[in-house]
Amino acid sequence: MRNIYNMVFIVIFLMILWVPFLLAHREDCRISDMENRMLASVPHIMKENGDINFSYSADFDAWINDNVRFRTILMELNSTLQYRLFGRIAKESLREGKEGHLYYVDEDKVREYQHVNLLSEEELTAYITSMQKLNDYLKERGIAFYYMQCYDKDSIYPEYYVKGVKQFGDMSRANQIVDTLKRNTDVSVIPIYKELMDHKGEELLYFKVSDPAHWNEYGAHIGYETLLNTIKNDFPMVYSLKDSDYLITRYQDKTEIYGYTYPYPENSLRYKIKEPKAKELILDEFDPEKVIRYREYGHYYVNQECENDLKIMVVGDSYIRQFLKEHIAESFRETLSIDWINLTNLDKVLEIYEPDIVIFESAEFTLNYTIPLVNEISYSE
């Protein structure tokens, strides 16, 4: 009898090991809508070139984890139970703050919130010097330059941040840079922080739950107005969009975290331009040689109805690309929005586009990338 029990145990054990493998999905290029990513494909012992795949074990683990049958249902069940029983968000990169606000909490973002990543005096001097040099370089070519610092949600709404994380002092790295630029250079700085803080009591400026990494459309609108008002001090002929140019509506949306409907809804304003004049064209219209890098993040607009002949170039990230590029394009004859990786190729981009205005924009959480890029810009004589 004991031998029978042992055999049954062995069979059950083998089934536990092999059933997930036998039932796993084997289609390549499967996408998880729930996680917004491509799932791992079936691994192979031999690579296409005939070499042995020494990472086969890790590849196999990734594949079986991503493709086990009923994975989506199990993830949804886990996400639901984690929140209802323990008040935890199943997504590791997210944490819940006060009143249901969500925040991204990877190591760099937490350090940014805590203000423990301030630049040293040497680092700050090097960056400010590089920014002044960029300003002077453009000025010599008759190009107006503006610095636009955008901010993380936790810098504008620290009062809702995740419980138990301590903040040290009032000075963030972004404001450290902005304050030093204002004191020690003649770089024109867009006063984004002041305007956001002045308006935060009127309406939420950042997404509460659906996209904690960005400002919402109302916050972006405040950013747009601040940018255009600053430019108009030097270029009074520029027209900026008024509220009457928009269809402004309020929408409510719910957010799902691995299939679990988060109990706090999103309630925000949406800004849609009623009669857009600017038309987006392909970059090849003026860049057939493909000088501009990261072209999937490049956008070129022409506004034939614009009353000025100004050409503006915005070197930035998703704060511009996802929210403001179309709005900015309504105010200029030509608008080019490109990723800041093109700072390493600045001379050639300026040569083919010949802008009148250059905006450099960096989100707070991308300063780790943009500071080295600015410091490494090379200029032609």
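Everything numeric here is computed off the predicted structure, so don't read it as measured data.

The rules behind the values
- Residues numbered from 1 in each chain as written.
- Predicted model: local features only at pLDDT ≥ 70, side-chain atom pairs only at ≥ 80, totals over all residues.
- Heavy atoms only, no water.
- Helix = DSSP H or I, 4+ residues; strand = E, 2+ residues; numbered from the N terminus.
- Buried < 20%, exposed > 50% of the residue type's maximum accessible area, 1.4 Å probe, protein only.
- Polar contact = N/O pair within 3.5 Å; in protein donor to acceptor, adjacent residues only side chain to side chain.
- Contact = heavy atoms within 4.5 Å.
- Pairing = 2+ DSSP bridges.
- Axes fitted to C-alpha atoms, helices over the stretch in contact; angles between N-to-C directions.
- Parallel < 35°, antiparallel > 145°, perpendicular 65-115°, else oblique.
- Left-handed = near helix turned anticlockwise from the far one by under 90°.
- Nonpolar A, V, L, I, M, F, W, Y, C, P; charged D, E, K, R; others polar.

Draft legend 1. Geometry of the side chain of Thr185. Counting through the fold element by element, Thr185 comes out in the loop between helix H7 (173–184) and strand E6 (188–190). In this structure Thr185 comes out as buried when scored by relative accessible area, which is 13%. Among the polar contacts made by the side chain of Thr185, one reaches the main-chain carbonyl oxygen of Leu181 at a distance of 2.6 Å. Separated by 3.2 Å, the side chain of Thr185 and the backbone nitrogen of Val187 make a polar contact. Discounting chain neighbours no more than four positions away, the residues touching Thr185 are Ile128, Gln132 and Thr180.

Draft legend 2. Helix H4 (residues 107–114), seen in detail. Among the residues of H4, Lys109, Val110, Glu112, Tyr113 and Gln114 are the ones counted as buried. Looking at the packing, one finds that the buried side of H4 touches strand E4 (102–104), helix H6 (153–156) and H7. Measuring from the backbone nitrogen of Asp108 back to the side-chain oxygen at the start of H4 gives 3.2 Å, which picks out Asp106 as the cap. Where H4 terminates, the next one or two residues include His115, which has phi positive at roughly 65 degrees.

Draft legend 3. Molecular detail of the sheet that holds strand E13 (residues 311–316). Strand order across the open sheet formed by seven strands is E6-E5-E15-E13-E14-E12-E11, with mixed pairing between neighbours. The open sheet has two edge strands, E6 and strand E11 (279–281), and neither has a second partner. Along the sheet, successive strands turn relative to each other by an average axial angle of 25 degrees, direction set aside. Bridge count between strand E5 (residues 144–149) and E6: three bridges; the pairing is parallel.

Draft legend 4. The arrangement of the packing of helix H5 (residues 121–140) against H7 in detail. Running from N to C, H5 and H7 cross one another at 55 degrees; their axes reach a closest spacing of 10 Å. As far as their axial angle goes, H7 and H5 are oblique. Crossing geometry of H5 relative to H7 is assigned as right-handed. Only Gln176, Ile177, Thr180 and Leu181 of H7 make contact with H5, whose side of the interface consists of Leu124, Tyr127, Ile128 and Met131. Considering only residue class, the contact of H5 with H7 consists of six nonpolar, two polar and no charged.

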